[in-house]
Amino acid sequence: MNVGDRIRVKTSVVVYHHPEHKKEAFDIQGLEGEVIALVTEWQGRPVSANFPVLVKFGQKFRAHLREDEFEVL
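Everything quoted here is computed from the prediction, not taken from an experiment.

1. As for the overall build of the protein
What the protein contains, in helices and strands, is zero helices and nine strands. For the protein, the N- to C-terminal ordering of α and β elements is β-β-β-β-β-β-β-β-β. The C-alpha atoms of the protein give a radius of gyration of 12 Å, which matches the 11 Å a tight globule of 73 residues would have. With the C-alpha coordinates of the protein rotated into their principal frame, the extents come out at 35 × 25 × 20 Å. Counting across all 73 residues of the protein, residues that qualify as buried make up 23%.

So, in C-alpha cells, the structure goes:
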C-alpha cells in the first residue's frame, strides 16, 4: 500500500465527524477513497499510531484507518 492508492472500506467503521452527519453515528463501510498519508513519524520522531493510514473521501472528509479495515482496489 502506498500514498495515492484507491481503497474501499470493507468492515463496519463508525465515525462521528462526517461533514454531512455531524455528531451522528455514520458507518463508512463501502466508501471508496484515496490514501493520502501513512503516519509513521511526527515532528521527525517515529510514532506507533493506532490508525496509521490517512484516507481522503471526497473534498471535506478524511479519516484515519487501520490496515485491516480496508482493501486496496
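The structure having been displayed, the exposition proceeds.
2. Quick notes on the pattern of salt bridges
A complete count under the given rule lists five salt bridges for this structure. With a closest N to O distance of 3.9 Å, Arg6 and Glu32 form a salt bridge. Here Arg6, found in strand β1 (residues 6-9), pairs with Glu32, found in strand β4 (residues 32-38); they are 26 residues apart in sequence, far enough to count as distant. Taken together, the shared-partner salt bridges in this structure form one network comprising Arg6, Arg8, Glu32 and Glu71.

3. Some remarks on the sheet that holds β1
Backbone-to-backbone hydrogen bonds pair the strands of a sheet. The strands run either parallel or antiparallel. Across the sheet, which stays open at both edges, the five strands sit in the order β8-β7-β4-β1-β9 with antiparallel pairing between neighbours. The sheet is open, and its two borders are formed by β8 (61-65) and β9 (70-72), each paired with just one other strand. For this sheet the average axis-to-axis angle between neighbouring strands, irrespective of direction, equals 40 degrees. Note that β1 and β9 share three bridges and pair antiparallel.

4. A closer look at the pairing of β4
In this sheet, β4 lies alongside β1 in antiparallel orientation, the contact comprising three bridges. In the strand pairing of β4, Arg6 is matched with Glu34. Direction of pairing for β4 relative to strand β7 (residues 53-57): antiparallel, over a ladder of four bridges. Each bridged residue has a counterpart across the sheet, and for Val35 the counterpart in β7 is Val55.

What counts and how
- Residues numbered from 1 in each chain as written.
- Predicted model: local features only at pLDDT ≥ 70, side-chain atom pairs only at ≥ 80, totals over all residues.
- Heavy atoms only, no water.
- Helix = DSSP H or I, 4+ residues; strand = E, 2+ residues; numbered from the N terminus.
- Rg over C-alpha atoms; globule rule 2.2 N^0.38 Å.
- Buried < 20%, exposed > 50% of the residue type's maximum accessible area, 1.4 Å probe, protein only.
- Salt bridge = Lys/Arg side-chain N within 4 Å of Asp/Glu carboxyl O.
- Pairing = 2+ DSSP bridges.
- Axes fitted to C-alpha atoms, helices over the stretch in contact; angles between N-to-C directions.

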